[in-house]
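Chain residues, written in single-letter form:
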Amino acid sequence: MRTVNEVSKLTKISVRTLHHYDAIGLLKPTKVTKAGYRLYDDAALSRLQNILLFRELQFPLKEIKAILDNPDFDPKEALAQQIKLLELQYKRMGELISYAREMQKEGVIKMDFHVFDKNEIEQYKEEVKAKWGDTKEYQEYEQRQNNGHDFEESALQLMNLFSELGTLRQLPPDDKSVQEKIKELQNFISDNYYTCTTEILGDLGQMYACDERFKRNIDKAGGEGTAEFVNRAIAFFCDKMMQG
């Protein structure tokens, strides 16, 4: 068994990230001592390896969890798929390097853009998700995508919501106006992406604060500290909902 600090040193993943993985159910510790220390066995580390490979392949955490939690998940087959995706990325990177070197050598702009085509990689990623990512939320998202939902416009509206929440961050998270805005956020996600249950909203709140990409974009929309503020406000909202 390894402690969370030992796993962090071994994998170069921050303790905070490991805590986040625990909170969203992506990587639960094998055991938690009476003193509250998280311990991880080899099976947990094996799951972490899969998480890191999928992250390297730019799969979102939600999709990784759906894949790994699928009862039909086959680690050997998944590893073969991960290797295939890495090989595709390696091939594409080599082509991009050759393309850039040729431009550097010739000193001219090449009117050949085929090396920027990511269709083969994206198609294979979709096959992996289709095989393992069998969750109700993912299927709902896919259905809306197939129905022509404008996710680009939804993303802009979502950032506007975070911008509005940013203007409230001087208030306590349990303030009525803040909580009303969190309810609006939950409804927006349900209306535009997938049914956002209280549990899912809580997971999203932690992701907003812990995932650097989300945190950076949310803070850009609402100002420094907005992502952390939204997480605290969501936590209060969810606790209140669960208590009835």
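Read on for a plain summary of the structure. (Residues numbered from 1 in each chain as written. Predicted model: local features only at pLDDT ≥ 70, side-chain atom pairs only at ≥ 80, totals over all residues. Heavy atoms only, no water.)

Here the focus is the overall build of the protein. Tallying secondary structure elements over the protein gives 12 helices and 3 strands in all. Taken across its 244 residues, the protein has 39% of its residues classed as buried. Taking all contacts inside the protein whose residues are at least 6 apart in sequence as the whole, residues at least 24 apart take part in 63%. Total accessible area on the protein stands at roughly 14,600 Å², and carbon and sulfur atoms take up 51% of it. (Helix = DSSP H or I, 4+ residues; strand = E, 2+ residues; numbered from the N terminus. Buried < 20%, exposed > 50% of the residue type's maximum accessible area, 1.4 Å probe, protein only. Contact = heavy atoms within 4.5 Å. Areas by Shrake-Rupley, 256 points an atom, 1.4 Å probe, with all protein chains shown as cover.)

The residue Lys215 is located in helix 11 (residues 212-222) in this model. Here the alpha-carbon distance between Lys215 and Ala227, two residues 12 residues apart in the chain, equals 5.4 Å.

The tendency in soluble globular proteins is for nonpolar side chains to be buried side by side. Core analysis: the largest hydrophobic core is formed by 26 residues, its most contacted members being Leu185 and Tyr208. Elements represented by at least two residues in this core include exactly helix 8 (151-166), helix 9 (176-192), helix 10 (198-210) and helix 12 (226-243). Per element, the largest residue contribution to this core is 7 residues, and it comes from helix 12. The contacts of Leu185, once residues within four sequence positions are left out, are Leu158, Leu161, Phe162, Tyr208, Val230 and Ile234. Judged by nonpolar contacts, the second largest core, of 23 residues, contains Val7, Leu26, Tyr40 and Leu45. (Core = buried A, V, L, I, M, F, W, Y, C linked by side-chain atoms within 4.5 Å.)

Further remarks concern the pattern of salt bridges. Tallying each qualifying case throughout the model produces 9 salt bridges. For Lys181, the salt bridge is made with Glu184, and the minimal N-O distance between the two is 3.1 Å. Of this pair, Lys181 and Glu184 both sit in helix 9, 3 residues apart, roughly one helical turn. A relative accessible area of 38% places Glu184 in the partly exposed class. The salt bridge partner of Glu228 is Lys215, with a shortest N-O separation of 3.6 Å. Residue Glu228 is located in helix 12, and its partner Lys215 is located in helix 11; the two are separated by 13 residues in the primary sequence. Residue Lys215 is classed as buried on the basis of its relative accessible area of 17%. Through salt bridges with shared partners, a single ionic network connects Arg16, Lys215 and Glu228. (Salt bridge = Lys/Arg side-chain N within 4 Å of Asp/Glu carboxyl O.)

With that settled, consider the side chain of His20. As for its placement among the helices and strands, His20 is situated in helix 2 (residues 15-23). We classify His20 as buried; its relative accessible area is 3%. Discounting chain neighbours no more than four positions away, the residues touching His20 are Leu61, Asp203, Gln206, Met207 and Cys210.

It is worth spelling out the sheet that holds strand 1 (residues 2-3) at this point. Ordered in space as 1-3-2, the 3 strands form an open sheet in which the pairing is antiparallel. Of all strands in the sheet, those with a lone pairing partner are strand 1 and strand 2 (31-32), marking the two edges. Strand direction decides the pairing type here: strand 2 and strand 3 (residues 38-40), joined by 2 bridges, are antiparallel. Pairing of Lys31 across the sheet is with Leu39, part of strand 3. (Pairing = 2+ DSSP bridges.)

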